[in-house]
Amino acid sequence: MRRGIVVYRVAIADDEIDLLEAVAEYLRGHGYEVLTAANAAQFRALVADHAIDVAILDIAMPGEDGLSLARWVRRQGHTGIIFASASGSAMDRIVGLEIGGDDYMSKPYDLRELLARIRSVLRRLDARPSAVPSPAVAAPAARPVSFGPYRIDIDARRLFHAERGEIVLTAAEFDLLAVLARRPNRVLPRGQLVELLGDEVPDSESDRRIDVRIARLRRKIEPESDRPIFIRTIRGLGYVLDTDGAA
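Conventions used here
- Residues numbered from 1 in each chain as written.
- Predicted model: local features only at pLDDT ≥ 70, side-chain atom pairs only at ≥ 80, totals over all residues.
- Heavy atoms only, no water.
- Pairing = 2+ DSSP bridges.
- Helix = DSSP H or I, 4+ residues; strand = E, 2+ residues; numbered from the N terminus.
- Axes fitted to C-alpha atoms, helices over the stretch in contact; angles between N-to-C directions.
- Core = buried A, V, L, I, M, F, W, Y, C linked by side-chain atoms within 4.5 Å.
- Buried < 20%, exposed > 50% of the residue type's maximum accessible area, 1.4 Å probe, protein only.
- Contact = heavy atoms within 4.5 Å.
- Right-handed = clockwise from strand over helix to strand, strands pointing away.
- Phe/Tyr/Trp six-rings, centres within 6.5 Å; stacked < 30°, edge-to-face > 60°.

The next point concerns the sheet that holds strand 4 (residues 80–85). The 5 strands lie next to each other as 2-1-3-4-5, forming an open sheet whose pairing is parallel. Edge positions in the open sheet fall to strand 2 (33–37) and strand 5 (103–106), since each of these has one partner strand only. The average angle at which neighbouring strand axes cross in this sheet is 20°, direction not considered. In this sheet, strand 5 lies alongside strand 4 in parallel orientation, the contact comprising 4 bridges. Following the sheet pairing, S85 is matched in strand 5 by S106.

Written as structure tokens, this is what we have:
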């Protein structure tokens, strides 16, 4: 949550009470305001009364699960979402990212790693205009980039289509598109994309997360997502934003 002094508010939904309390105590010790809920209903009540910056959602809660809860959270505004799951299955990770999650952790997780991932998500959120930098350190305005019928305004974090108007992207989707748009017509390997996106804790799933985000972006901007002309795959090398894709 942004005030005169920046204090971020994290809300956690997890039915493992001991873990819930341990995570809350750890994050409070690092300067975060923390709200806790043992189920989805409690979490919804908390969010109704408090704006939150990051949600940490257990996928396998009794009753309404974390995936369903995340869809609701995503409709409320620009909140970072980190999923946690004891199953560690690839399907959980893929589905979580597909519905707009920003990150994923397998339980049991290291609290230091969780803190690093929260900080990474917050950096991406703070890149938005709502977090206004001091004029003395403000970066030069990025020039809008056009490709096909699209125009991306990187500083305003908005994507426009010539006929359809604004295209709504999740935070993770926009971050990836912005990285590509700052380097148009340049092939970027997956590993470089991970680094440019600020992933503090690269792991064996980093490449897969990039592929999932690319697939989500293509479904929103490509005329045919299985035959991309804008975000192209260069086999064996990486991805490129082709600004001449519709030519």
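This is not the end of the story, as more comes after the structure.
F147, I152, L159, L177, L180, L193 and I231 are the most contacted members of the largest nonpolar core, which totals 27 residues. For this core, the secondary structure elements donating two or more residues are strand 6 (145–147), strand 7 (150–153), helix 6 (171–181), helix 7 (190–196), helix 8 (206–221) and strand 11 (238–241). Considering every element that reaches this core, the biggest residue donor is helix 6, with 7 residues. Setting aside residues no more than four positions away along its own chain, L159 makes contact with F147, Y150, R151, I152, G165, E166, I167, L169, F174, L177 and I221.

Before going further, it helps to spend a moment on the pairing of strand 2. Put simply, side chains in a regular strand alternate between the two faces of the sheet. Pairing between strand 1 (residues 9–13) and strand 2: 5 bridges, direction parallel. Across the sheet, residue A13 finds its bridge partner in strand 2, namely A37. For the segment spanning strand 1, helix 1 (residues 17–29) and strand 2, crossover handedness is right-handed.

Moving on, we get to the packing of aromatic side chains. Enumeration over the complete set of coordinates arrives at 4 aromatic pairs. A ring pair is formed by F147 and Y150, whose centres lie 5.2 Å apart and whose planes are at 25°; its orientation type is stacked. An identical accessibility class is assigned to F147 and Y150; each is buried. Ring centres of F147 and F230 lie 5.4 Å apart, and the angle between their planes is 70°; this geometry places the pair in the edge-to-face category.

Across 4 bridges, strand 10 (residues 231–234) lies against strand 11 in antiparallel orientation. Looking across to strand 11, one finds that T233 is bridged to Y239. Connecting the antiparallel pair strand 10 and strand 11 is a turn made up of 3 residues, with G236 showing a positive phi of about 80°.

To continue, consider the sheet that holds strand 8 (residues 158–161). Across the sheet, 4 strands lie side by side as 6-7-8-9; this open sheet has antiparallel pairing. Edge positions in the sheet fall to strand 6 and strand 9 (165–167), since each of these pairs with one other strand and no more. Sheet twist, expressed as the average angle between the axes of neighbouring strands with direction ignored, equals 30°. With 4 bridges joining them, strand 7 and strand 8 adopt antiparallel strand pairing. What sits directly across from I152, in strand 8, is L159.

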